[in-house]
Structure formats: C-alpha cells, structure tokens
Amino acid sequence: MAAVEFETVIGLEVHAQLVTKSKVFCSCPAVYGGEPNAQTCPVCLGLPGALPVLNEEAVSMAILMGLATGCRIAPRSVFARKNYFYPDCPKNYQISMYDKPLCEEGRLEFELDGEIHGVALERIHLEEDAGKLIHAEEGGSLVDFNRCGVPLIEIVSKPEIRSPEEASRYLVSLRQVLRYLGICDGNMEEGSLRCDVNISLRRPGEPLGTKTEIKNLNSFKAVEMGIRFEIERQAGVLRSGGRIEQVTNLWDSGQKKLLTMRSKEYAHDYRYFPEPDLLPLDVDGAWIEKMRGALPELPLAREKRFREKYNLPAYDAGVLCAERGLADYYETVVSAGSDPKLAAHWVMREILEEIKSGAESEGASAPAMRAVESSVSDAFAFRAPVAAGRLAELIALVSGGVISNSAGREIFKEMVRTAESPDTIREKLNLTQVSGAKELEQWVADVIAESPDEVARYRGGKTQLLGFFVGQVMKKSAGKANPKLAGEIVKKMLEG
Amino acid sequence: MRDLVQYSIEGLGDIYRAREATVREVVQAYLDSIEAREPRIKAFLQVLAEDALAKASELDVKGHDGRPLFGVPVAIKDNLCTRGISTTCASKILEGYRPPYDATVVERLRSAGAVIIGKTNLDEFAMGSSCENSAFQITHNPWNEAYAPGGSSGGSAAAVAADMALASLGSDTGGSIRQPASLCGVVGLKGTYGRVSRYGLVAFASSLDQIGPFARDVRDCALVMEAIAGHDERDATTIPTPAPDLHGKLERGFEGMRVAVSADLEKWEMDPSVREIAARTVDDLAGDSVPVDRVTLPGMETSIATYYILANAEASSNLARYDGVRYGLRSNSDSLLEMYERTRGEGFGDEVKRRILLGTYVLSSGYYDAYYAKAQQVKALICAQFEELFRKCDLILLPTSPTPAFRLGERLEDPIAMYLSDIFTTPANIAGLPAISIPAELSPEGLPIGMQLIAGWGEEAKLMRGAFGLERMYRFREQHVLGPKAGRERHGGR
C-alpha cells in the first residue's frame, strides 16, 4: 500500500434520549409518540412565567453513563442557556450545559478487528430536546412540542477516530452500553439516538485541518457512508490545492448524499450564560456511589467472561452479549444445567432465528406497536420465544439422547407455538428417539433396498454417502431414529 | 359607618366577622373608588369588576373562615399570570395573551381569601422607572397627576395610594417596587431573593426578579407577604422554608437592633428634601436610643453598572420567546426570519429593544468576559461586603429614591438619568437582600418621600420590625393621608 496521503480526524457528538418517566424540567411524560402537543405543559412550552425544575432521574442516568465510560463526575455542574432562534425551540434558548458539564474525561472501549480500541470522551452533559417541525403539504409548518424537554445526554468524543469503520464501531458500542444501562433505547430511526460528526483531513505530520460537520445521520450505515463521502470530498478539494471551508453538511437519507449548507446559515453565536432559573447541580459522593452500585457488568467485560468461563469462541460471546437481556437469558439457560456450548448453540441457532423470523413477519406494524406500548422497560425487555427453563429442559432431552437433534428442533417449534413443556410435546408427537436395534435394522434394510445406485457407489468406495443413508433413515423414521446408531448399522450392513 | 376603603386588612376582618359589612359591599366600595379616580390615574390595564363581585358573593355565602386575606381586594401587576385573564406586561407583543395557569402568588392570594380586583399598569416588561414605557397608557401619580408614579410597578403603587385596592403585588428587579412605593407614599417590600416564588412572573431578569406587596402600612404589607411567601417546588430558586412570621413582633420595632447608615451620603446627588429627611431620621433614631453606625455602604459605586449588565443579559434571553410562533402578536411576513424581525420590531417598545440589544451585546462572544463575567465577579464582591456588614449591624437605612416623583415626560429622553434613579435600590437586588420602602415625609411640593431599610439575607422579620419602627416615628399616613384624628381612630380599630 502506498504511503497514506491524508490522515482522517473524526470526532462524534452523540445525543441520546433518556428513558425517564417524565421530561427533564417538568412532569410531562417523556415517551415517544402521542397526539401532537398532548404531552406538554406551560414549562415545556416555554410559556411566559413558567420555570424549569430538574428531574433527578435524568441526572442519575447521566451519571450512570459517566461512570460506565470512566468519566470524572463533577461535584458541581452548571446548566447554561444556549440561545438561538428556531421554531422547534419554544423559549428560543435550550437549557444545556456549557463550561461546567456533568461528566468529563472518559473513555469508551470496544473491539475493532479483534483488538481493543479506546476513544477518549471529552464530556457528557445533560440537556433538553427540542420539538419537531412538520412541513405541511398545503404549505406552512406545524410544530409538535411533545419531544420538547425530553432529557438528552450529549456524549462528545475527542477527535481520535481515524476511519468510517471505527466511527461506526464506536457508535455501535456506545449504543450497546446505553442499552445495557437501560437509559436509552438507541433507536436511531425514531431519533432517540442521534449522531453528528466533525471531520477534517491533514497530511501526516501537519496540524489539524479545518473541520466540517455532518448532521442528520440517522443510521449506522448513514454514519459510515456520510463520513466516506465527506473524506472523498475534502480529499478532492485538498488535492486540487483548494481550502476546506467550515460548513455543515446534512445527510439526505433518501438520496444517500450530503447537502452542504452555506456556512453563514450556521454561523451561530450561542451567547451561553449560566441558567438563572436553576441552581448549580451538586452531586455528592453518596449519589455517585449509589449509581456505581447500580452499574451492570458492561458488554466488553461480559464478553471476556463468556469466553473464559463458558469457553465460547469470541464470535459466540459477541453475539450472546450484544444485548444485556440476551446475555441474561443465555446465563439463565446455563444455570438451569445446560452445557454452555450446547446452550450457546441453541440460543444462537434457534432462539435468535426465531426472533428474527418473528420480527420479519410482523413487518411494518412493529414500530407502531412500540409507540403504543411505550412503557420504559419494554424498550429493553428481551422477549424470548421460549422460557429459559423450558429451553434447558429441551437441551437436556437432546444431550441425554432421549430425542434426536432434529426432533429437538421440531419440539422447539411446537414449544414456540404452544408454550407446552418439551416432554409433553415429545409424547404428543411421539418423538422419542428410537435406539432399538431391531427397528433401526428394519429401517436401514428398507433404505438399502430402495437405493441400489447409492449402494453400488458406496461399495465402490464413495463412503461419504453414509450421510445420505442416515438421512433417509431419519426421514423414514419421521426423525425418531438415533442417527448415531443408525449410521453404525448402515456401515455394518453395507460393509459387513 | 366609616368609608369602607379605609379599613386595614385586620380591620376588614373585624367588620366581616361582626357582619358590619359584606365582602360585596367592600369590593363595591373599591370599584366605586376606581370609578371615581381611575379615569385620571390610569393605574389599571384591566379592572375585573364582575369577577371580583362574583368572588365576593361567594365569600359572603361562606362567611369569614379565618383565612388571613379573607375578602381583601388586591390588585396585581400585569406581568403576573392569571389563568384565562389577559396578561400583557404592558407590551403589544403580548396583547390579548391569556395564560392557561395562575402564578403561584396569585394562587396563594386566592387561597388566602383575597379578591383580585384588577391588573395594573407597568413599564413594558417591567423595564423602566416611571411607568411611561407602557405600550397602553401612562399612569399618573395620585399625589399630583402631572407627576410620574415611578416604576416599573407604578400601577400597583398608584392603585394602593389612590384607595383603588387595599394592597397590590408588584415585582422588583432593580427597585421596581420600592421606588414607586416611595414616589406614591405607600409601603413597598421586596423579600430576600427566593423568598417568593417567581413561577408565573413573566421573567425580566431571573436572577434579580422578586415579587412583593404594596400596602398602606407595614402591618398590611407583612400580612400580604406572609400569604405569598414560602417555598414553591415549581421554582427551584425559592428558599426551601415556609413563609416566616412577619406581623407577630412588629411592635418591638428597633428593639435590640443596630442600624447602619452611609458615612458619605453627601457624595450622592439627591434632592435636598430627601437629604434632609434622611438626616432627620438618623437624628430621630439616635434620639430614640437606637444605635446607629456610619459605614461605607457596599455596591453604591458599582451596583448600577452591574445591574444593567446582568439584568439586560438575562432579559435578552428571557424575551427571546416572543417571536410570533406560538402566542401573542404575529406580524405577517413571507419568511421565518422576516416574521421574527417584524413581530419583534413591531411588538416591542424602544426601551425593551434598547435593553435586548445591550443584553445581547454583553453576552456576545468576545465581550462575555469583559462584561457579563466581570459583572458576576462584582456581584460576588458586593454580596460578600454586605455579608460582612451584616455581621455588625441588623439594618441599613438609606433613601429609596434620590428624588421625589418627577414630572411625566421629564426623563423620557434621558435613559441614563432614568437608570441613575435606581442607585439606592439596585444594591439589594444585586445582593438578593430583603428591602422595604416606608413613606416618610412630603417634599415642599407635596410629593411623598420614602426611606428604605435593607436587612441581611433571610431577615425579613427584622426588616418589618424596623419598618414598623420608622412608620411609628414618621406617622406619615396619620399626618398626610387621614389627618391626625382619623389616624388614631384607625389604629384603635384594630
């Protein structure tokens, strides 16, 4: 590979909506959806005379994220007003934090190409979300303030990210941590997780170049593509001897391209100053320790433990630890007595496949359902198609040789449908594995008689056909034959 | 029977309990008084005659139930939100705006049994010292209609002075209760910052604004303050304690307290009549064996500058929400930016625009440290100096305003002169301290002059005792309002 022409310098600003019961400065519900402007009050509408009161649950969640990423939690942080005019912002200032954020100097670690990478965090601060503008077809704009005042944490990385892939991995693992903590559902399409990117190029050894911003990145794919496009664009400008202008690009998810805004349109002076309606936020040691006690085992540590304790390959540990609920489920199956490797196999093959096919058949109605459910815990609940104890029973039947693997899969499908115990289904469907020599020999003999060509080829040296014969036996026995014993009988009858 | 509008709060309670008058009769007496005097005073932006009479009848059905402000007609400054009742801040930009909720103080007045009789005029968004910055009308001083009532709570001060309300509420950011109280010859109190909830007070400068009462005398003032003060979970900046008892120990006056006065009052420009009453008060206190110390008063040199930086900075942000998007005035236009510009250009008056511009400037990048950050440092210094001073004394005595009422129009063209009239009132706002203006004497032109007391943080009880002591000394109301005979009768009526 030729020497690197440009080094890419990327920093991410991620906004994560917190799943608090109420909004950050008033008691309106913070859930997604609802009739436009139904979840509002004088405070979140910014009516004259209304005042904000801080929701401590939001602070607790922000502290949790700070601790999960190794931040220093400021004993005193200060809310500040960020002043700008826009119709989705009813006070025309946003209550945020500026020079005294809640969390500082953290680090997010994740795996990239089999190695642990770390990206330093500049800060995490608490702020309020804005409303939503809807541009009406008949002209004019409508505004829905339901989202206004929903708590956000802004997580700002240092400019230490070097590639689109790394940016994407960073974001994926940030989302994973947020979901492990149970503080943000990480739904990028609904906007509960949003990402802005700052990006600049420089020739190796040179000082930092001028950075540009990309906003509106509403999926992991968009983040990667947007960064790739912007790197190409900047490289083109630099190669032709041009200068990078400080602009903001909007990602157009429909057309998959960047729209560059004129730099003037975003030349804001936000005139930050301390929010006089709120006291400085004091967080004492007891509060921090309480939140530290509430920290769950984090994904990276859990994956490592899964590899070591259950002797799982890295890939399996990664899949099983992707979601806290899934990892919990797996460990419940194991603690019910299943062999860890078998349990991993069943959870990854059957449970995850079942969830995937279920989600596909639900199709487009799924997001609407979520909006209606709208309960906080639902966002993180791992809804297994089969209870962990039941799965452990099934695995025990298979590993004990009572049923065959394929019968096990059949029983599993039935368990999903009826929620009955595997034993009940086994009896109902008469799926007990047949290991008796007499019955097996009869099935094998029938198969040999029906497959003269294969028999000839086998005897001619094509012993790989053993699988074919066993398969035929399984078919003939409706899956009940013990495949191991059947194989031995086939061998004996053809070779003996 | 005596004129019903002359009763004090406790006096009214007595005649209600004795069934000598109904609330309806009292409210009607005040409405009659409004009908007689309001056409020339113009204190009210809205008189709520029907509401008030309906409320009065409701109270009459129940009879006196012991609530502290039962059947007391009160006027409310029109920057306090009243549910379903237009709240304009005397600005075109909020013309016709009806809030969907009551301010905490309005709620508390209602639950204390008060009858809200009207909404009073003010300088637009409480920005001014004369009430002349109202977009709707000019209020006249009841003592002489050619003179200003002061501001910004000029309507509330004039309403009480002209017997059009028994008490009223104003808001004080840099003197907006105490200065008009002084100019109209009534008592005006601003509590410790955080003593009264600001929830529902349309914000001017959030870190300085405080709501407080106007009344004819110190006892009524204390009773209204007790009703509205105390922690409110809807205002994070309120002091987390209930309202203190302010009226119980008034009779003790200055007993056991030390008073500080300026050692160099002659340095400050003021009307000779103000200077004279200030000096006489010191002599009289000394004559009453009240210990008086001459000290350097904190913040006299710096408060005005500090105030106009902090207040305008906050105002520039607080007033950003008036944009035509959701409520109030919206000027027609083709684009969003044009809508903002025209709505705000047409909706705000000159003084409001001037302050928004100043406030925006001092917060701008590159100027923040030189102005806003510096002003915060000065504020911290002034607070520390007051704290130090109040270790050695209980109250500070100084004039409220350097002059008696000025002629309407006289200072309109000179904003700096207008700003300087706040010199004695702004230090208490900057330091967040409780302060009160008590009517002391009439000037040779027959205009009232008020004296001011400032107490330490949270020391409203001491403040009110001192104010009562001064009131007893000046006998202003007995001498200049009721005449000596009526005065005695009134006190006897308690």
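For clarity, every value in this text was computed on a predicted model and none was experimentally measured. (Residues numbered from 1 in each chain as written. Chains lettered and ligands numbered in written order. Predicted model: local features only at pLDDT ≥ 70, side-chain atom pairs only at ≥ 80, totals over all residues. Heavy atoms only, no water.)

**Student:** Please clarify how the overall build of chain B should be interpreted in this entry.
**Tutor:** For chain B, the helix and strand inventory stands at 17 helices and eleven strands. For chain B, whose C-alpha radius of gyration is 21 Å, the value lies close to the compact-globule estimate of 23 Å for 494 residues. A principal-axis box enclosing the C-alpha atoms of chain B has dimensions of 65 × 55 × 45 Å. Here chain B, with 494 residues, has 64% of them falling under the buried criterion. Of the accessible surface of chain B, which amounts to about 17300 Å², a share of 50% is contributed by carbon and sulfur atoms. Of the charged side chains in chain B, 54 are positive and 66 negative; the average position of the first set lies 3 Å away from that of the second. (Helix = DSSP H or I, 4+ residues; strand = E, 2+ residues; numbered from the N terminus. Rg over C-alpha atoms; globule rule 2.2 N^0.38 Å. Buried < 20%, exposed > 50% of the residue type's maximum accessible area, 1.4 Å probe, protein only. Areas by Shrake-Rupley, 256 points an atom, 1.4 Å probe, with all protein chains shown as cover. Lys, Arg positive; Asp, Glu negative; His and termini not counted. Charge placed at Lys NZ, Arg CZ, Asp CG, Glu CD.)

**Student:** Teacher, can you tell me more about the side chain of E166 of chain A here?
**Tutor:** All names here are of chain A. Considering the arrangement of structural elements, one finds E166 in helix α2 (residues 164–181). Buried charge without a partner: E166 forms no salt bridge, and the closest opposite charge is R162, 6.6 Å away. Every residue in contact with E166, bar those within four places of it in the chain, is listed here: F110, L112, H117, V119, E160 and I161. (Salt bridge = Lys/Arg side-chain N within 4 Å of Asp/Glu carboxyl O. Contact = heavy atoms within 4.5 Å.)

**Student:** Just to check I follow, could you spell out the packing of helix α4 (residues 104–111) of chain B against helix α7 (residues 218–228) of chain B for this structure?
**Tutor:** Between two packed helices, both the angle of their axes relative to each other and the distance between the axes serve to describe the pair. Residues and elements named next belong to chain B. Two numbers describe how α4 lies on α7: the axes approach to 8 Å, and their chain directions differ by 115 degrees. It follows from the interaxial angle that α4 and α7 lie roughly perpendicular. Helix-helix and strand crossings are classified by hand; for α4 and α7 the assignment is right-handed. Facing V105, R108 and L109 of α4, the residues of α7 in contact are V224, A227 and I228. Grouping the amino acids of the contact of α4 with α7 by side-chain chemistry returns five nonpolar, no polar and one charged. (Axes fitted to C-alpha atoms, helices over the stretch in contact; angles between N-to-C directions. Parallel < 35°, antiparallel > 145°, perpendicular 65-115°, else oblique. Left-handed = near helix turned anticlockwise from the far one by under 90°. Nonpolar A, V, L, I, M, F, W, Y, C, P; charged D, E, K, R; others polar.)

**Student:** How should empty space enclosed by the protein be read in this particular structure?
**Tutor:** Regions of empty space are outlined by a rolling probe, equal in size to a water molecule, passed over the atoms. Residue and element names in this part refer to chain A. Enumeration over the complete set of coordinates arrives at four cavities of 30 Å³ or more. Taken as a whole, the second largest cavity encloses approximately 180 Å³ of empty space. Around the second largest cavity, the lining is made up of 22 residues, and of these V43, A50, P52, K91 and Y93 lie nearest the centre. When the residues that make up the lining of the second largest cavity are grouped by side-chain class, the tally is 14 nonpolar, three polar and five charged. (1 Å grid on protein atoms, 1.4 Å probe; cavity = no way out; pocket = protein on both sides within 12 Å on 5 of 7 lines; lining within 4 Å. Points joined across faces, edges and corners; volume = space filled by probe spheres on them.)

**Student:** Sorry, what's going on with the sheet that holds strand β2 (residues 73–77) of chain B here?
**Tutor:** Note: strands within a sheet are paired through backbone hydrogen bonds, in either parallel or antiparallel orientation. Residue and element names in this part refer to chain B. What the eleven strands build is an open sheet, ordered β1-β3-β2-β4-β6-β5-β10-β11-β9-β7-β8; its pairing is mixed. Looking at which strands have only one partner, the edges of the open sheet turn out to be β1 (44–47) and β8 (292–295). Averaged over all pairs of adjacent strands, the angle between their axes in this sheet comes to 30 degrees, without regard to strand direction. As paired elements, strand β7 (residues 259–262) and β8 share four bridges and run parallel to each other. Bridge pairing in β8 links V261 to R294. Taken strand by strand, helix α2 (residues 23–41) contacts β1, β2 and β3 (115–120), and its axis lies near 20 degrees from that of β3. Of the strands in this sheet, β4 (167–172), β5 (187–190), β6 (210–215) and β10 (435–442) touch α7, which is tilted by about 145 degrees from β6. (Pairing = 2+ DSSP bridges.)

**Student:** For this particular structure, what's the right way to read the side chain of S22 of chain A?
**Tutor:** Structurally, S22 of chain A can be placed in the loop between β1 (7–17) and α1 (56–68). Not counting residues up to four positions away in its chain, the partners in contact with S22 of chain A are S27, C28, P29, A30, N55 and P151 of chain A.

**Student:** Would you explain the sheet that holds strand β11 (residues 193–202) of chain A in this entry?
**Tutor:** Residue and element names in this part refer to chain A. Strand order in the open sheet formed by nine strands is β2-β6-β7-β10-β1-β11-β12-β13-β14, and the pairing between neighbours is mixed. At either margin of the open sheet sits one strand with a lone partner, and together these are β2 (72–73) and β14 (257–261). As paired strands, β2 and strand β6 (residues 103–112) are joined by two bridges and run antiparallel to one another. Looking at β6, one finds that R72 is bridged to E104. Its contacts with the sheet place α2 against β1, β6, β7 (115–128), β10 (151–157) and β11, and it is angled at close to 110 degrees to β6.

**Student:** How should the pattern of salt bridges be read in this particular structure?
**Tutor:** When the charged atoms of two side chains lie near each other, side chains of opposite charge can form a pair. Using the criterion set out here, one finds 62 salt bridges over all chains in the structure. Taking the shortest distance from any N to any O, the salt bridge between R305 of chain A and E331 of chain A comes out at 2.7 Å. Linking R305 of chain A in helix α5 (residues 299–309) with E331 of chain A in helix α7 (residues 324–335), this pair joins segments that are 26 residues apart in sequence. Judged by its relative accessible area of 24%, R305 of chain A is partly exposed. One salt bridge in this structure joins E350 of chain A and R409 of chain A, with 3.8 Å as the shortest N-O distance. Taken together, the positions of E350 of chain A in helix α8 (residues 340–362) and R409 of chain A in helix α11 (residues 405–418) put the pair 59 residues apart, joining distant regions of the chain. According to the relative accessible area criterion, E350 of chain A is buried, its value standing at 8%. Of the residues examined, R409 of chain A reaches a relative accessible area of 34% and is grouped as partly exposed. Ionic contacts of the salt-bridge type, sharing partners, join the residues R81, E275 and D277 of chain A together with R198 and D235 of chain B into one network.

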